[in-house]
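Report on the structure
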Amino acid sequence: MKRIFFVFAFITLTASIASAQQKNAVIEVIDSAVYDFGQIKESAGPVTHIFKVKNSGEVALVITNATASCGCTTPVWTKEPIAPGKTGEISVTYDPTNRPGPFTKPITVYSNGKTGTYVLNIRGVVVKQ
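Residues numbered from 1 in each chain as written. Predicted model: local features only at pLDDT ≥ 70, side-chain atom pairs only at ≥ 80, totals over all residues. Heavy atoms only, no water.

Counting secondary structure elements, the protein chain contains one helix and eight strands. Its helices and strands in sequence order give the protein chain the pattern α-β-β-β-β-β-β-β-β, from N to C terminus. Taking the contacts inside the protein chain whose residues are at least 6 apart along the sequence as the reference set, 66% of them involve residues at least 24 apart. Of the roughly 8000 Å² of accessible surface on the protein chain, a fraction of 57% belongs to carbon and sulfur atoms. (Helix = DSSP H or I, 4+ residues; strand = E, 2+ residues; numbered from the N terminus. Contact = heavy atoms within 4.5 Å. Areas by Shrake-Rupley, 256 points an atom, 1.4 Å probe, with all protein chains shown as cover.)

Okay, structure coming up:
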């Protein structure tokens, strides 16, 4: 009987450890992962949108990097760990100088909140004026 109890206790402990190790952060964009600036005037200069992200997971979310597809787009993100249930920001600035016409720019976000990457997008149309 003692042997069965110890085997049961070992299996329960092993399952508890495995369950604790599976807890992770979950990155979630609050509104949308795509933002459309619509028409923007080239002469007005850079435009910015702030993506609000939430950690829907059970451990702290850490955004380790955010990269844009070209030098015309600059992401800036919350550097501090985002606690479960809390929010952070990824600010994306687009410079329309000498870029008339439609644009779509992906921003790749690296974090512990998802295997691989999370992609945000900005888009719009630059008009000369």
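Looking now at the sheet that holds strand β1 (residues 27-29). Pairing is antiparallel across the open sheet formed by four strands, whose spatial order is β1-β3-β6-β5. Since the sheet does not close on itself, it has two edges, and those belong to β1 and β5 (73-77), each with one partner. Ignoring which end each strand starts from, the neighbouring axes of this sheet average 30° apart. Judged from the eight bridges that link them, strand β3 (residues 47-55) and strand β6 (residues 87-94) form a sheet pairing that is antiparallel. Among the inter-strand pairings, K54 is bridged to a residue of β6, identified as T87. (Pairing = 2+ DSSP bridges. Axes fitted to C-alpha atoms, helices over the stretch in contact; angles between N-to-C directions.)

Time to look at the sheet that holds strand β7 (residues 101-111). Ordered in space as β2-β8-β7-β4, the four strands form an open sheet in which the pairing is mixed. Looking at which strands have only one partner, the edges of the open sheet turn out to be β2 (34-41) and β4 (63-68). Within the sheet, the average angular offset between the axes of one strand and its neighbour, ignoring direction, is 20°. Bridging between β2 and strand β8 (residues 118-127) involves six bridges; their strand directions are parallel. In the sheet register, K41 faces β8, and the bridge partner there is V127.

So, on to the pairing of β7. By the bridge criterion, five bridges tie β4 to β7 in an arrangement that is antiparallel. When the sheet's bridge partners are listed, I63 is paired in β7 with S111. As paired elements, β7 and β8 share nine bridges and run antiparallel to each other. Each bridged residue has a counterpart across the sheet, and for P102 the counterpart in β8 is V125.

Here we take up the packing of aromatic side chains. For the structure on display, the rule yields three aromatic pairs. Aromatic side chains F37 and F103 sit 6.5 Å apart centroid to centroid with 40° between the ring planes, which places their arrangement in the tilted category. Of this pair, F37 sits in strand β2 while F103 sits in strand β7, and the two are 66 residues apart along the sequence. The class for F37 is buried, based on a relative accessible area of 15%. For F103, a relative accessible area of 6% gives the class buried. (Phe/Tyr/Trp six-rings, centres within 6.5 Å; stacked < 30°, edge-to-face > 60°. Buried < 20%, exposed > 50% of the residue type's maximum accessible area, 1.4 Å probe, protein only.)

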